[in-house]
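Overview (structure and organization)
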Amino acid sequence: GARIGTCVDVLVEDIGEGFPMVRAMALKNGGNEPRLISAESISWLKPSIILNSAEPPPYEAKGHELWLAKQVLDRQIVDTDGRRLVRVNDLQLVRTAPDGPYCLGGVDVGGLGLLRRLGVENPAAGLYKLLGKETPHSIVPWSEVAPLQAQEPLRLKVSRDRIQELHPADIAQIVTELDRPMG
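What this report covers is the structure whose coordinates are included nearby.

What counts as what
Residues numbered from 1 in each chain as written. Predicted model: local features only at pLDDT ≥ 70, side-chain atom pairs only at ≥ 80, totals over all residues. Heavy atoms only, no water. Helix = DSSP H or I, 4+ residues; strand = E, 2+ residues; numbered from the N terminus. Buried < 20%, exposed > 50% of the residue type's maximum accessible area, 1.4 Å probe, protein only. Contact = heavy atoms within 4.5 Å. Areas by Shrake-Rupley, 256 points an atom, 1.4 Å probe, with all protein chains shown as cover. Core = buried A, V, L, I, M, F, W, Y, C linked by side-chain atoms within 4.5 Å. Pairing = 2+ DSSP bridges. 1 Å grid on protein atoms, 1.4 Å probe; cavity = no way out; pocket = protein on both sides within 12 Å on 5 of 7 lines; lining within 4 Å. Points joined across faces, edges and corners; volume = space filled by probe spheres on them. Nonpolar A, V, L, I, M, F, W, Y, C, P; charged D, E, K, R; others polar. Polar contact = N/O pair within 3.5 Å; in protein donor to acceptor, adjacent residues only side chain to side chain. Salt bridge = Lys/Arg side-chain N within 4 Å of Asp/Glu carboxyl O. Phe/Tyr/Trp six-rings, centres within 6.5 Å; stacked < 30°, edge-to-face > 60°. Lys NZ or Arg CZ within 6 Å of the ring centre and 35° of its normal.

Each helix and strand counted, the protein chain has five helices and 13 strands in total. Within the protein chain, the proportion of its 183 residues that are buried is 34%. If you take every contact in the protein chain between residues at least 6 apart in sequence, the share linking residues at least 24 apart comes to 47%. Counting every atom, the protein chain has about 11400 Å² of accessible surface; 53% of that belongs to carbon and sulfur.

See the structure below:
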């Protein structure tokens, strides 16, 4: 029941696989440097992160993990369905089995993901309910995201045929937006 810190990042491994496994969380407590704890210590993620140990075992980063907050959040994805760039606003961590490990299930590219990060998801969801509308979800499954390159935008795994179906003007618009910061 004691608070031991705030999660500032999540490390996943095997990003080329369908749904990469969460390996560690970076916890920050005050002005100290974040410390990595093993994902094996995580019992539950919502509404708070609950650990199964008062002294969670540390995790030693191997160097090939993907840091989700640092390398994925706020990055751009080329959305070929909408023929535009969208931004990763939040992450979807899921369990593959009831007591199994957590995995990166997808990225949220919708406005609700951004509201969740800002801490105002519940009022927004209440407003949708009041208006009798379904809360919009815009999750891109991680299995559809192509492997990352250092500072390039995230890319969806789409076939060359699918890209060839796009109108040349749509492709040109996407390319011109690649260098423009999203804001």
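Anyway, onward from the coordinates.
It is worth spelling out the nonpolar core at this point. Counting residues in hydrophobic clusters, the biggest one holds 24 residues, and the most contacted among them are L68, V72, L91 and V107. Listing elements by their share of this core, those giving two or more residues are strand 1 (6-13), strand 2 (21-28) and strand 10 (102-108). If you look at the next biggest cluster of nonpolar residues, it comprises five residues, including L11, A26, L36 and Y59.

This part is about the pairing of strand 1. A regular strand carries its side chains on alternate faces of the sheet. In this structure, strand 1 lies alongside strand 2, joined through seven bridges in antiparallel fashion. Pairing of D9 across the sheet is with A26, part of strand 2. Of the strand pairs in this sheet, strand 1 and strand 6 (residues 66-67) are connected by two bridges, and their pairing is antiparallel. Following the sheet pairing, V12 is matched in strand 6 by L66.

A few words now on the layout of surface pockets. Reported here for the largest pocket is a volume of approximately 1500 Å³. Forming the walls of the largest pocket are 37 residues, and the residues nearest its centre are L45, K46, P47, S48 and I49. Those elements that provide at least two residues to the lining of the largest pocket are strand 1, strand 2, strand 5 (50-51), helix 1 (68-71), strand 9 (90-95), strand 10 and helix 2 (111-118). With five residues, strand 1 is the single largest residue contributor to the lining of the largest pocket. When grouped by side-chain class, the residues that make up the lining of the largest pocket number 22 nonpolar, seven polar and eight charged.

Attention now moves to unusual backbone geometry. Not every positive phi belongs to a glycine, and D74 is a case in point at roughly 70°. Within the secondary structure layout, D74 lies in the loop between helix 1 and strand 7 (76-79).

Before going further, it helps to spend a moment on the side chain of N89. Mapped onto the secondary structure, N89 falls in the loop between strand 8 (84-87) and strand 9. Looking at N89, its side chain comes within polar contact range of the side chain of R87, at 3.1 Å. When near neighbours in sequence (up to four residues on either side) are disregarded, N89 contacts L73, D108, V109, G110, G111, G113, L114 and R117.

Taken as a whole and assessed by the stated rule, the structure comprises two salt bridges. A salt bridge links R23 to E13, with the shortest nitrogen-to-oxygen separation between them at 2.7 Å. Of this pair, R23 sits in strand 2 while E13 sits in strand 1; the two residues are ten residues apart in sequence, bridging distant segments of the chain. Given a relative accessible area of 10%, E13 falls into the buried group.

Moving on, we come to the pairing of strand 3 (residues 35-38). Pairing between strand 2 and strand 3: four bridges, direction antiparallel. From the neighbouring strand, A24 faces strand 3, where its bridge partner is S38. Counting the residues in the hairpin turn of strand 2 and strand 3 gives six residues, including G30, whose phi is positive at 70°.

Take the packing of aromatic side chains next. Summed over the entire model, instances satisfying the criterion amount to zero aromatic pairs. A cation sits over an aromatic face here: K70 above W67, 4.5 Å from the ring centre.

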